[in-house]
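Residue-level structure breakdown
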Amino acid sequence: MPRLLIATGNTGKIAEMEALIGDRAEVISLAEAGIESPEETGTTFEENAALKAVNAARESGLVTVADDSGIEVDALGGAPGVRSVRYAGDDATDEQNIAKLLHELEGVPDEARTAGFVSVIVVATPDGRARAFRGTLEGMVGRSPRGGGGFGYDPVMVLGDGRTVAELEPGEKNGISHRGTALRNALPYIHELLDSGA
């Protein structure tokens, strides 16, 4: 079975991607490959995902998938965007990032709390080729966290049916999530590379 490197240390992302990729490949993480992720110096999701994917593919010799994702809040001019993971500081927890976001949105009425999750997945090969695939999920930022599933900003991203992303079952989340959409868009290309032995 071919091996596919997922260039992240985030166990939640690895589990989501593994579920979508299924048994077409043996999924391995950066830690299993003994590779460190480079500093994310890009100004867009595409740039950061490409940095991670190209570096890991070159070092590992494997087809590599990297994701950069975050939340863009309209009332904050698209922030936190690429700073989503580090919104409350370089070593911030999900809870600290959520707390900062809710603080920034104090006094903002419900109709102006629209937001979108964005995921860009870059698939890279050891010879330096890279292709990007994008997925989004629209919603609004709730006033307090709800739900025990997911990670990141899932507990405050409220969908059209009133549930937060953290209140979805894993399979349901994968079916509609920004990362799930981006990965499904990328899957034909990933399969093509794995089948060709790239």
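All values derive from a computational prediction rather than experimental measurement.

About the thresholds
- Residues numbered from 1 in each chain as written.
- Predicted model: local features only at pLDDT ≥ 70, side-chain atom pairs only at ≥ 80, totals over all residues.
- Heavy atoms only, no water.
- Phe/Tyr/Trp six-rings, centres within 6.5 Å; stacked < 30°, edge-to-face > 60°.
- Helix = DSSP H or I, 4+ residues; strand = E, 2+ residues; numbered from the N terminus.
- Buried < 20%, exposed > 50% of the residue type's maximum accessible area, 1.4 Å probe, protein only.
- Lys NZ or Arg CZ within 6 Å of the ring centre and 35° of its normal.
- Pairing = 2+ DSSP bridges.
- Right-handed = clockwise from strand over helix to strand, strands pointing away.
- Salt bridge = Lys/Arg side-chain N within 4 Å of Asp/Glu carboxyl O.
- Contact = heavy atoms within 4.5 Å.

Following the criterion strictly, the structure yields one aromatic pair and no others. Taking 6.1 Å as the distance between ring centres and 40° as the angle between the ring planes, the aromatic pair formed by Phe133 and Tyr189 counts as tilted. Of the two residues, Phe133 is situated in strand S5 (residues 130–141) and Tyr189 in helix H6 (residues 178–196); the sequence distance between them amounts to 56 residues. With respect to class, Phe133 is no different from Tyr189; both count as buried. Taking NZ or CZ as reference, Arg131 lies 4.2 Å from the ring centre of Tyr189, over its face.

Time to look at the environment of Asp23. For Asp23, the location among the structural elements is in the loop between helix H1 (11–21) and strand S2 (26–29). The exposure class assigned to Asp23 is exposed, which follows from its relative accessible area of 64%. Asp23 sits 149 residues away from Glu172 along the chain, and the two C-alpha atoms are 20 Å apart.

With mixed pairing, six strands are arranged side by side in an open sheet as S2-S1-S3-S4-S5-S6. Where the open sheet ends on each side, the last strands, each with one partner, are S2 and strand S6 (157–158). Bridge count for strand S4 (residues 114–124) against S5 is eleven bridges, and the pairing is antiparallel. Counterpart to Gly116 in the pairing with S5 is Glu138.

Quick look at the pairing of strand S1 (residues 3–6) now. Of the pairings in the sheet, the one linking S1 to S2 comprises four bridges and is parallel in character. Its bridge partner being in S2, Ile6 is matched across the sheet by Ser29. After leaving S1, the chain enters H1 and then returns to the sheet as S2, a path that is right-handed. For S1 and strand S3 (residues 64–73), the ladder comprises two bridges, and the chain directions are parallel. In the sheet register, Leu5 faces S3, and the bridge partner there is Thr64.

Next up on the list: the pattern of salt bridges. Under the criterion given, the structure shown has 16 salt bridges. A salt bridge links Glu40 to Lys52, with the nearest nitrogen and oxygen atoms 3.2 Å apart. Of the two residues, Glu40 is situated in the loop between helix H2 (30–33) and helix H3 (45–60) and Lys52 in helix H3; the sequence distance between them amounts to twelve residues. A single network of salt bridges, built from pairs that share partners, joins Lys13, Glu16, Asp67, Asp154, Lys173 and Arg179.

Where S4 hands over to S5, the hairpin turn is made up of five residues, of which Gly128 adopts a positive phi near 100°. As judged from the two bridges shared by S5 and S6, these two strands associate in the antiparallel manner. Its bridge partner being in S6, Val141 is matched across the sheet by Met157.

Looking at where Thr164 falls in the secondary structure, it is placed in the loop between S6 and helix H5 (170–176). With residues near it in sequence (within four places) discarded, Thr164 still touches Arg146, Gly147, Asp154, Pro155, Met157 and Val158.

Honestly, it's all geometry; don't read function into it.
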